[in-house]
Structures are given as C-alpha cells and as structure tokens.
Amino acid sequence: MTIEEIRAEITQIDEEIIHLIARRQSLAGKIAAIKKESGIPVHDNQRKNDVLDYVMKLAKAEHVDPVPIRGIFETLISMNEKAQRAAMDPPATRKSTRK
C-alpha cells in the first residue's frame, strides 16, 4: 500500500469515528428524557466508572494504551452529560425586541 492509500483508509476510519460519536450523542437525548421523567440526575458516577473500567479492559485486550482511551471516554461522557442537561433544560425562548 502507498502512503496515500493508508491515509485514505485512516480518513475513512476518522469519518466512522465521528459518525459513531454523533450516534452516541443522539442517544443522550433519549437518556435525558428517561432521566427527566424518572427524576434521575444527569451525572451517574457509578455508570461513569463502569464505562471507564469497561473501555480500559477493551483497550488492553486490543493492545491499545488504556490511559488515553480513558481520557477520550471521559470527554465523551462529559459531552453526553452536557447534551443531556441541554435536553432536560432547554433555553427559554427569547422574546424579540424588534418592533
């Protein structure tokens, strides 16, 4: 394979990663609706720890350094929590001051 072919494959993988992150984010809205209806707080420390433990085990099994994987998933979890908060507390509709 040429460097261009390898880079093209990497680009394709990057696109897939972005699509998966977007899909993960879209699920945050569904989770927010359930949490809001059930009175469950957005942040769930036990769930966060479970997810981090799981992905670190997966990383180790795939021979990937688990430390940066932990950071990546901490970021993903934070993004989902932010999306959940936004879904649960949508901004108030602003009144136009135009006449």
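Here the structure is a predicted model, which means the values were calculated and not measured. (Residues numbered from 1 in each chain as written. Predicted model: local features only at pLDDT ≥ 70, side-chain atom pairs only at ≥ 80, totals over all residues. Heavy atoms only, no water.)

Quick look at the pattern of salt bridges
Two side chains with opposite charge may pair up if their charged atoms get near one another. What the rule picks out here adds up to 2 salt bridges. For Arg70, the salt bridge goes to Glu74, with nearest N and O atoms at 3.2 Å. Here the residue Arg70 and the residue Glu74 both occupy positions in helix α3 (residues 66-88), the gap between them amounting to 4 residues, near one helical turn. Using a relative accessible area of 30% as the deciding quantity, one classes Arg70 as partly exposed. Since its relative accessible area comes to 32%, Glu74 is described here as partly exposed. Taking the shortest distance from any N to any O, the salt bridge between Glu81 and Arg85 comes out at 4.0 Å. A residue pair is termed a helical-turn pair when its members lie 3 or 4 positions apart in one helix, as Glu81 and Arg85 do in helix α3 at 4 residues. Residue classification places Glu81 among the buried positions, given a relative accessible area of 12%. Residue class for Arg85 comes out partly exposed when judged on its relative accessible area of 41%. (Salt bridge = Lys/Arg side-chain N within 4 Å of Asp/Glu carboxyl O. Helix = DSSP H or I, 4+ residues; strand = E, 2+ residues; numbered from the N terminus. Buried < 20%, exposed > 50% of the residue type's maximum accessible area, 1.4 Å probe, protein only.)

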